[in-house]
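Understanding the architecture of this molecule
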Amino acid sequence: MTETTSQRPSGPFREGDRVQLTGPKGRLHTVTLREDGELHTHQGVLRHRDLIGLPDGSVAANSSGHEYLALRPLLRDFAMSMPRGAAIVYPKDAAQIVMQADIFPGAVVVEAGVGSGALSLSLLRAIGPAGRLVSFERREDFAQVARGNVETFFGETPGTWDVVVGDLAESLPAEFPAGTVDRVVLDMLAPWECVDVVADALTPGGVVLCYVATATQLSRVAEYIRSTGLFTDPEASETMVRGWHVEGLAVRPDHRMVAHTGFLLTARRLAPGAVPPQVKRRASKSSYGDADVEAWTPGAVGDREITDKNLRKRAREAAKAAEGARLAAGSRESAPPTE
């Protein structure tokens, strides 16, 4: 990863930069700056050229005198506003994944699936210029959206990142020899189908983390990991974030909050032949019938299908934003050094 991708861009706004505009009523608009671009709202027109050359955190007025605060979006802002092919991993969960999976600089990390690339952004930042991230995705159209989003954010495609279009269970052994992967993050409908191949790829002490949406998925993957005898006892959690309204003496929780989005389950790879101490627990139902399996189908768990037409639109948006990012990166390289 080059210095360009390892740091958030700073300095004056340039053509091709992604900019977040906050209007008078707090409404956000995210635009890619173009010399002839304009932001049209019912309150007037803001010309992009009025922002180009201004420092980050500036205020500019539109044709009606309404002022907009202009900032380069943070990673969390970008992830929430970028084009989506598949549902994203929310920032609150991405932060927990980086911590609970212990994603460290220089780590070799496998991710499946890539979705729209939101989690990939956090993983790429965490592994640094010496690490490697390989993202597996079954659908080429989702991979295309993810590539565009990652390139838009970093200004180029990171050299530490590869996207493999294919099934993880089939493709992982061809990409990595046994015992050479430090961390594996599974964001898929049926992660238990890939646990065996993941166990082969992980180095002893390595971490597998599963991100699942429902309690039935959580139960099945936990029991499958236990049944292999190749991992430590899995640990599960969920993260709920509640904002607070703080204004003078009016200090109270927000009326709305981001509650359940998914469960995180982690386990560590045991050394070959190692048998951990027996954990005493009450007997529980660990067998599954056809009716149970049916409960884990995409429709049953509420997996939202995006139409092909809508997906093509998101791919075009991601590609257009990536083109702007490349333009901004070229402007930074050609710009004279500042004092």
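Further up the page is the structure itself.
In this report, the structure presented in the accompanying data block is examined. (Residues numbered from 1 in each chain as written. Predicted model: local features only at pLDDT ≥ 70, side-chain atom pairs only at ≥ 80, totals over all residues. Heavy atoms only, no water.)

Attention now moves to the sheet that holds strand β1 (residues 18-22). With antiparallel pairing, four strands are arranged side by side in an open sheet as β2-β1-β6-β5. In this open sheet, the two strands that pair with only one neighbour each are β2 (28-32) and β5 (58-61). Across the sheet, the mean angle from the axis of one strand to that of its neighbour is 30°, orientation sign disregarded. (Pairing = 2+ DSSP bridges. Helix = DSSP H or I, 4+ residues; strand = E, 2+ residues; numbered from the N terminus. Axes fitted to C-alpha atoms, helices over the stretch in contact; angles between N-to-C directions.)

Attention now goes to the side chain of S116. Note on placement: S116 falls in the loop between β7 (108-112) and α4 (118-127). Within the structure, S116 has its side chain in polar contact with the backbone nitrogen of G85 (distance 2.9 Å). Excluding anything up to four places from it in sequence, S116 contacts M82, P83, R84, G85, A86, I88, V145, A146 and N149. (Polar contact = N/O pair within 3.5 Å; in protein donor to acceptor, adjacent residues only side chain to side chain. Contact = heavy atoms within 4.5 Å.)

The next thing to look at is the environment of A215. Mapped onto the fold, A215 is located in helix α8 (residues 215-228). Put simply, A215 and F263 are 48 residues apart on the chain and 8.0 Å apart in space, counted from C-alpha to C-alpha.

So, on to the sheet that holds strand β8 (residues 132-137). Strands sit in the order β9-β8-β7-β10-β11-β15-β12 across an open sheet of seven strands; the sheet is mixed. In this open sheet, the two strands that pair with only one neighbour each are β9 (161-165) and β12 (235-238). Across the sheet, the mean angle separating the axes of adjacent strands is 15° when strand polarity is ignored. Relative to β8, β7 is paired through five bridges, and the arrangement is parallel. Paired with V108 across the two strands is R132, which belongs to β8. Along the sheet, α4 makes contact with β7, β8, β9 and β10 (181-186), crossing β8 at roughly 160°. The sheet strands contacting helix α5 (residues 140-154) are β8 and β9, and the helix crosses β9 at an angle near 165°.

Locating K313 in the fold gives a position in helix α10 (residues 308-334). When its relative accessible area of 44% is taken as the criterion, K313 is described as partly exposed. In the structure, K313 is positioned 230 residues away from P83 in sequence and 8.8 Å away in space, judged by C-alpha atoms. (Buried < 20%, exposed > 50% of the residue type's maximum accessible area, 1.4 Å probe, protein only.)

The end-to-end C-alpha separation of α5 is 21 Å, in line with the 21 Å expected for 15 residues at 1.5 Å each. The element α5 is largely enclosed, with a buried count of eleven among its 15 residues. F142, A143, V145, A146, G148, N149, V150, E151, T152, F153 and F154 are the residues of α5 that are buried. (Expected span 1.5 Å × (residues − 1).)

Our focus in this paragraph is the pattern of salt bridges. This model, assessed by the stated rule, comprises 15 salt bridges. The salt bridge involving D102 is made with R183; its shortest N-O contact spans 3.0 Å. Separated by 81 residues along the polypeptide, D102 in the loop between α3 (91-100) and β7 and R183 in strand β10 bring together distant segments of the chain. A relative accessible area of 42% places D102 in the partly exposed class. Residue D141 is joined to R139 by a salt bridge in which the shortest nitrogen-to-oxygen separation is 2.9 Å. Sharing partners across several salt bridges, the network here consists of D17, D56 and R72. (Salt bridge = Lys/Arg side-chain N within 4 Å of Asp/Glu carboxyl O.)

The next point concerns the nonpolar core. Counting residues in hydrophobic clusters, the biggest one holds 32 residues, and the most contacted among them are L168, L172, V198 and V208. Of all the secondary structure elements, the ones that give two or more residues to this core are β7, β8, α6 (168-175), β10, α7 (195-201), β11 (202-212), α8 and β15 (263-268). The greatest single-element share of this core, amounting to five residues, is contributed by α7. Listed in part, the 31 residues of the second largest apolar core include I103, V109, L133 and V185. (Core = buried A, V, L, I, M, F, W, Y, C linked by side-chain atoms within 4.5 Å.)

What follows concerns α4. Most of α4 sits out of view: nine of its ten residues are buried. Residues of α4 that are buried include every one of A118, L119, S120, L121, S122, L123, L124, A126 and I127, and no others. Where α4 ends, the next residue or the one after it, G128, has phi of about 70°, a positive value.

Moving on, we get to the packing of α3 against α4. α4 packs onto α3 with a crossing angle of 35° between their chain directions and a minimal axis gap of 10 Å. Relative to α4, the crossing made by α3 is right-handed. Across the interface between the two elements, A94, I97 and V98 from α3 touch L119, S122 and A126 from α4. Here the contact of α3 with α4 is built from residues that sort into five nonpolar, one polar and no charged. (Left-handed = near helix turned anticlockwise from the far one by under 90°. Nonpolar A, V, L, I, M, F, W, Y, C, P; charged D, E, K, R; others polar.)

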